[in-house]
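An overview of the molecular structure
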Amino acid sequence: MKSGFVSLIGLPNAGKSTLANALIGEKVGIVSAKPQTTRRRVVGIYNDESMQVCFIDAPGMIRSVNGLNRFLECECEAVMKDGDILVAVLNVDAPRLEDLLQIVRAVAKQKKPWMAVITKTDLDDGHREGRLREEVVAFGAPTVAVSATKNSTKARERLLPFIREILPVAPPLFEGDLYTTQSEREMVAEIIREKCFESVHKEVPYGLAVRILKFEERTPILKIEAEIIVSKDSFLPIVLGEGGRRIRHIGVEARRDIEKLLGQQVFLQTHVKVKRDWQRNAAIMRELGYVVPK
Ligand SMILES: Nc1nc2c(ncn2[C@@H]2O[C@H](COP(=O)(O)OP(=O)(O)OP(=O)(O)O)[C@@H](O)[C@H]2O)c(=O)[nH]1
Ligand SMILES: [Mg+2]
C-alpha cells in the first residue's frame, strides 16, 4: 500500500483546485475565473485498492509583505514543506513562461520527489506545451499534460500512474470513505464564498470573506446562518444588490450546492457586514483562520 501527501503548487488561477477536484472526483475546493480563489489549504483524498493520495490544494504562489496576501504566500510555502511529493501545476495560459519556470525552480529546490503537470492544454495549440516540456526536461522530473475541464477522467488516468510511481510505501492516513479533511461548516462557508466570487468578483475583488454563525441540525431541515464580511462600506450595497436581489441570488445558488453536498434540505440565512480593512486586522484574520505563522 502506498500513501502520502501530494502538494499542488502553481501560479494563482493555474487550475490547481479544478485539477484536485478532477483527480478526487468530488468537489473539494472552490473554483473561479479569478486568481486567489483558494485561501486556506484544502486536503482532498483519492482512494483505490493500492494507494491513498492526499492532495493538498494550496493558494497560488505570490509574493507579498502583509495582510491577506502575506497569508497566501505563507500558506503556499507551508504546503510545499508539508507535502511528501510535489506537483508543479503549469498552466499553458500563463502570461509569461518565466513565471512558470519560477514555479518549477521553487518546487525542484525542495529536494522532494516531484512531477510537472502541464494543464489547460485545451487552450493551447501545443506551442506552449512544447516549450514547457523542453524546459522541464532539464530538471529530470516526469511531465504529463492534461486538461482538467475538457476531460477529467483522462486527466486522472494520465496523472495517477505517475503519482503511484513516486508515492512512498505507507499505510493509509485516513478512513477509506473520507474525501476531504474539511468540516461541513468549512465547506459550506467556502461554497458561499464561491457564489459571492461568481457574483461580485469585478466589484469586490478580494475584500470578502464568509463565516458561519449557526449550524443547527434540526431534522428535517438544517438551519445555517452565515455572515458575509466585506472590507469597505461601498461594498455593502454591491453585495446586497438592488432591493437585495444579489444577495438573494447568492443565497439560492449556495443553498442548491449545500443541499447537494449534505444531501439534506437546508434553510440558509445570509447577512452582509462591513468590517473595515479586515484583511489587516489580526483578530478577524485569526477568526477566519487566516493565520500567518511567526
Ligand atoms: N480551459 C480550461 N480552463 C481551466 C482548466 N482548469 C481550470 N480552468 C479554469 O481556470 C480558472 C481557475 O481555476 P482554479 O481551479 O480556481 O485555479 P487555482 O489554481 O485553484 O486558482 P487559485 O486558487 O486562485 O490559486 C477557472 O475558471 C477554471 O474553470 C482547464 O484544464 N482548461
Ligand atoms: Mg484554487
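Residues numbered from 1 in each chain as written. Chains lettered and ligands numbered in written order. Predicted model: local features only at pLDDT ≥ 70, side-chain atom pairs only at ≥ 80, totals over all residues. Heavy atoms only, no water.

Focus on the site of ligand 1
Which entries qualify depends on this criterion: A molecule or strand has a residue near it when one of that residue's heavy atoms lies within 4 Å. By the criterion applied in these results, polar contacts are pairs of N or O atoms within 3.5 Å in which, for protein atoms, one can donate a hydrogen and the other can accept it, and in which residues neighboring in sequence qualify only through two side-chain atoms. The Shrake-Rupley method, run with a 1.4 Å probe, gives the accessible areas here. Residue values count only the displayed protein chains as cover. In this description a helix means any DSSP run of H or I spanning at least four residues, a strand means any run of E spanning at least two, and both kinds are numbered starting from the N terminus. Three residue categories are used. Nonpolar comprises Ala, Val, Leu, Ile, Met, Phe, Trp, Tyr, Cys and Pro, charged comprises Asp, Glu, Lys and Arg, and polar comprises the others, including Gly.
Taken together, the neighbourhood of ligand 1 is formed by 23 residues, with Lys16, Thr18, Gln36, Thr37 and Asp122 sitting nearest. Interatomic distance of 3.3 Å between a backbone N/O atom of Ser32 and an oxygen atom of ligand 1. When ligand 1 is considered free in solution it has 660 Å² of accessible area, and contact with the protein chains removes 88% of it. Of the residues forming the shell around ligand 1, the biggest block, three residues, is contributed by helix H1 (residues 16–24). For the shell around ligand 1, a count of residues per class yields seven nonpolar, 12 polar and four charged.

Side note on the coordination of the magnesium ion (ligand 2)
What counts is decided by this rule: Shown as donors are all N, O and S atoms within 2.8 Å of a metal ion, widened to 3.2 Å for Na, K and Ca; because water is not in the atom set, sites may appear incomplete. Using a 1.4 Å probe on the protein chains alone, a residue whose accessible area is under 20% of its type maximum counts as buried, one over 50% counts as exposed, and one in between counts as partly exposed.
Surrounding the magnesium ion (ligand 2) are the protein donor atoms Ser17 (OG) and Thr38 (OG1), which sit 1.9 to 2.1 Å from the metal. In this pair, Ser17 is assigned in helix H1 and Thr38 in the loop between H1 and strand S2 (42–47), connecting sequence segments 21 residues apart. Both residues of the pair, Ser17 and Thr38, belong to the buried class.

Comments concerning helix H3 (residues 97–108)
Along an α-helix, residues three or four positions apart point the same way, because every turn accommodates 3.6 residues. We apply this condition: Between the first and last residue of a helix there are one fewer steps than residues, each counted as 1.5 Å, and that sum is the expected span. Working rule for contacts: check all heavy atoms of both residues, and any pair within 4.5 Å makes them a contact.
When the terminal C-alpha atoms of H3 are compared, their 17 Å separation across 12 residues agrees well with the 16 Å that a helix rising 1.5 Å per residue should span. For H3, the tally of buried residues reaches nine of 12 residues, placing the bulk of the element in the interior. Three or more residues of H3 are buried, namely Leu97, Asp99, Leu100, Leu101, Ile103, Val104, Ala106, Val107 and Ala108. At its buried positions, H3 is contacted by strand S1 (2–10), helix H2 (67–82), strand S4 (85–91), strand S5 (114–119) and helix H4 (127–137).

Quick notes on the domain arrangement of the protein
Where interface size is given, it is often the accessible area lost as the parts come together that is meant. To keep it simple, the criterion reads: Note: domain ranges come from an automatic or database domain assignment. Defined in terms of a 1.4 Å probe, buried area is the accessible area two parts forfeit on being brought together, summed over both. By convention in these notes, a salt bridge is any Lys or Arg side-chain nitrogen within 4 Å of a carboxyl oxygen on Asp or Glu.
The domain boundaries assigned to the protein delineate domain 1 (2–166) and domain 2 (184–287). A C-alpha centroid distance of 28 Å is found between domain 1 and domain 2. Listed per partner, the contact involves 15 residues of domain 1 and 15 residues of domain 2. Broken down residue by residue, the surface that domain 1 buries against domain 2 is led by Ile30, Lys34 and Arg39, which jointly contribute 45%. Linking domain 1 to domain 2 there are two salt bridges. Between Lys27 and Glu194 there is a salt bridge, with the nearest N and O atoms lying 2.7 Å from each other. Inspection of the region where domain 1 meets domain 2 yields seven residue pairs in polar contact (both at pLDDT 80 or more).

Digging into the nonpolar core
One broad trend across soluble globular proteins is that nonpolar side chains are buried collectively. Operational definition: Buried Ala, Val, Leu, Ile, Met, Phe, Trp, Tyr and Cys residues that are joined via side-chain atoms within 4.5 Å together make up what is termed a nonpolar core.
Within the largest apolar cluster, 31 residues are counted, with the highest numbers of intra-cluster contacts made by Ile9, Met61, Met80, Leu90, Ile103, Val107 and Trp114. At the level of elements, S2, strand S3 (51–57), H2, S4, H3, S5 and H4 are the ones that each hand at least two residues to this core. It is H3 that contributes the most residues to this core, eight residues altogether. Look past the residues within four positions of Met80 in its chain and what remains in contact with it is Ile9, Met61, Leu86, Ala106, Val107, Gln110 and Lys112. Among the nonpolar cores identified, the runner-up in size contains 27 residues, and Leu8, Leu19, Ala20 and Leu160 belong to it.

Looking at the pattern of salt bridges
Counted according to the given criterion, the structure contains 28 salt bridges. Of the charged contacts in the structure, one is a salt bridge between Asp257 and Lys195, with a shortest N-O distance of 2.9 Å. Of the two residues, Asp257 is situated in helix H8 (residues 245–262) and Lys195 in helix H6 (residues 184–200); the sequence distance between them amounts to 62 residues. Residue classification places Asp257 among the buried residues on the basis of a relative accessible area of 14%. Between Arg211 and Glu227 there is a salt bridge; the shortest N-O distance is 2.7 Å. Of this pair, Arg211 sits in strand S7 (residues 208–218) while Glu227 sits in strand S8 (residues 221–230); the two residues are 16 residues apart in sequence, bridging distant segments of the chain. The buried category is assigned to Arg211, whose relative accessible area is 18%. A relative accessible area of 5% means that Glu227 is categorised as buried. Through salt bridges with shared partners, one network takes in Lys27, Glu194, Lys195, Glu198, Glu253, Arg256 and Asp257.

A closer look at the packing of aromatic side chains
The condition is simple: What counts as a ring pair is set by centres within 6.5 Å for rings of Phe, Tyr and Trp (its six-membered ring), and what kind of pair is set by the plane angle: stacked under 30 degrees, edge-to-face over 60, tilted for all other angles.
In the structure shown here, the tally under the stated rule is four aromatic pairs. Considering the side-chain rings of Trp114 and Phe139, the 6.3 Å spacing of their centres and the 75 degrees angle between planes classify their relative orientation as edge-to-face. With Trp114 in strand S5 and Phe139 in the loop between H4 and strand S6 (143–145), this pair connects stretches of sequence that are 25 residues apart. Residue class for Phe139 comes out partly exposed when judged on its relative accessible area of 36%. Ring centres of Trp278 and Tyr290 lie 6.3 Å apart, and the angle between their planes is 35 degrees; this geometry places the pair in the tilted category. Highlighted residues: Trp278 in the loop between strand S9 (265–274) and helix H9 (282–287) and Tyr290 in the segment after H9, separated in sequence by 12 residues. In this pair, the class of Trp278 matches that of Tyr290, namely buried. Members of the aromatic cluster, connected to one another through ring pairs, are Phe71, Trp278 and Tyr290.

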